[in-house]
Amino acid sequence: MSRPTDLDSVRLLEERAFAAWPALETVDRRGWRSRFAGGYTKRANSINALSYEPEVDDELIASLEKAYRDRGQTPVWRLTPLAPAGFEALLDDRGYRSIDPSLVQVCPLAATFAADPEVTIGEQPSEAWIEAFATWSPVRPEHRPVMRRMLAAIAAPVGFAFVEEAGRAMAMAIGVVDGDHMGLFDVLVMPHARRRGLARRVTESLYAWAWARGARFAYLQVVASNEAALPLYAAQGFRTVYRYAYRVPA
C-alpha cells in the first residue's frame, strides 16, 4: 500500500474516525489497536495500526489474531498507510486476502451548504430512525442490540439525519462533530426514494448543521467501487487523502 508523506494527517483522521464510530471494547498493544463489537461492522471489529511503525513479529500477530478467535470472531486487519511496509505480503503468506478497498476523503465546509427543511436532524436516533437503519443497512437481528449500544455511545455533538414521507423512511445519515471536523457516516437512500437528490439533501443538511457547531471540514470513508456516491462527494468538494483495505482469512 502506498504511503502518503503526511502520515500525521492519516493518524489524526484515524483517531477521529475511531472516536466517532466507537467500538464496545478497544485494546492498544505495541502500536496496534484492536477493536471489538460482537462482530457488528468490520470497522468496529478489526486490527488497526496506530503508530507510524508498529511492532511486527509472529508472536504478536498470533496474539492479536487469537483475541478475536477467543471471542468467536474471525480476525480482520484494516490496513491504512500506517501499516508497516511489507505487512500486506506477510498477511498474504498467512493466508489472508484483501477485500473492500476504500477511500478516506476530506472536504472543506462552507456557510453556503444549506439545510433542507424536509431533513430532520436529531441528537438521538428515533425508533423510526433505528428501525429504518436496521432494515435498510441492513443489520442482522443478532447484531441489533450491539448496534443500539454503539449508536448510544457516539459522543455529542452527533446528528441523526432522517427524511420520511407519509411515515415511510426515505433517507438517512449520521454526522459526528469533533472539533473542526465532522465525520459523515452511513448515508442511506432507500430503493423506493432514489433519483430524487436525497443523498445530496441529507449530506448538505448535515454539513450546515456541523458548520453551526464549529466544524470547517468533513471527512468520510467510502468503498472505492461505490460509483453512485463518489460523483456526489466529488461535486461537494471531497478529495481522497488516503486509502485502506481489509484483510480477512481466505
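Look a little higher up for the structure.
What counts and how
- Residues numbered from 1 in each chain as written.
- Predicted model: local features only at pLDDT ≥ 70, side-chain atom pairs only at ≥ 80, totals over all residues.
- Heavy atoms only, no water.
- Helix = DSSP H or I, 4+ residues; strand = E, 2+ residues; numbered from the N terminus.
- Rg over C-alpha atoms; globule rule 2.2 N^0.38 Å.
- Buried < 20%, exposed > 50% of the residue type's maximum accessible area, 1.4 Å probe, protein only.
- Contact = heavy atoms within 4.5 Å.
- Areas by Shrake-Rupley, 256 points an atom, 1.4 Å probe, with all protein chains shown as cover.
- Phe/Tyr/Trp six-rings, centres within 6.5 Å; stacked < 30°, edge-to-face > 60°.
- Lys NZ or Arg CZ within 6 Å of the ring centre and 35° of its normal.
- Pairing = 2+ DSSP bridges.
- Polar contact = N/O pair within 3.5 Å; in protein donor to acceptor, adjacent residues only side chain to side chain.
- Axes fitted to C-alpha atoms, helices over the stretch in contact; angles between N-to-C directions.
- Salt bridge = Lys/Arg side-chain N within 4 Å of Asp/Glu carboxyl O.

(A) Expanded view of the overall build of the protein. If you tally the helices and strands in the protein, you get seven helices and eleven strands. In terms of overall size, the protein behaves like a compact globule, its C-alpha atoms giving a radius of gyration of 18 Å where 250 residues would be expected to give roughly 18 Å. In terms of its C-alpha atoms, the protein occupies a principal-axis envelope of roughly 55 × 40 × 30 Å. When burial is assessed residue by residue, the protein has 48% of its 250 residues classed as buried. For the protein, long-range pairs separated by at least 24 residues make up 70% of all intrachain contacts whose partners lie at least 6 apart in sequence. Carbon and sulfur atoms make up 51% of the accessible area of the protein, which totals about 11700 Å².

(B) Expanded view of the packing of aromatic side chains. Tallied over the entire structure, the rule returns twelve aromatic pairs. Here Phe113 and Tyr207 contribute two aromatic rings whose centre-to-centre distance is 4.9 Å and whose plane-to-plane angle is 65°, an arrangement assigned as edge-to-face. You can see Phe113 sitting in the loop between strand S5 (96-108) and strand S6 (120-122) and its partner Tyr207 sitting in helix H6 (residues 198-211), a full 94 residues away along the chain. Like Tyr207, Phe113 is buried. One aromatic cluster is present, built from ring pairs that chain together Phe113, Tyr207, Tyr233 and Phe238. One residue, Arg216, lies across the ring of Trp211, its end atom 3.6 Å from the ring centre.

(C) Seen up close, the pairing of strand S1 (residues 25-29). Of the strand pairs in this sheet, S1 and strand S2 (residues 32-36) are connected by five bridges, and their pairing is antiparallel. Looking at S2, one finds that Arg29 is bridged to Trp32. Between S1 and S2, which pair antiparallel in sequence order, lie two residues; one of them, Arg30, sits at a positive phi of approximately 50°.

(D) Local environment of the side chain of Arg33. Along the chain, Arg33 falls in strand S2. Of the polar contacts made by the side chain of Arg33, one reaches the side chain of Asp28; its length is 2.7 Å.

(E) Focus on the sheet that holds S5. Spatially, the eleven strands line up as an open sheet ordered S1-S2-S3-S4-S11-S5-S10-S9-S8-S7-S6, and their pairing is mixed. Edge positions in the open sheet fall to S1 and S6, since each of these has one partner strand only. Put simply, the sheet's adjacent strands are angled 25° from each other on average, direction ignored. This element, helix H1 (residues 7-20), spans S2, strand S3 (47-49), strand S4 (77-79), S5, strand S8 (168-178), strand S9 (181-189), strand S10 (217-223) and strand S11 (239-249) of the sheet and lies at about 80° to S10.

(F) Structural detail: the pattern of salt bridges. On inspection of all chains with the given rule, the structure shows 20 salt bridges. Note that Lys42 and Asp100 form a salt bridge whose closest N and O atoms lie 2.9 Å from each other. With Lys42 in the loop between S2 and S3 and Asp100 in strand S5, the pair connects residues that are 58 residues apart, well separated along the chain. By relative accessible area, Asp100 is classed as partly exposed at 29%. Arg200 is paired through a salt bridge with Glu204; the nearest N and O atoms lie 3.8 Å apart. Pair noted here: Arg200 and Glu204 are both in helix H6, with a separation of four residues, about one helical turn. In the salt-bridge network here, residues are joined through shared partners; they are Glu15, Asp28 and Arg33.

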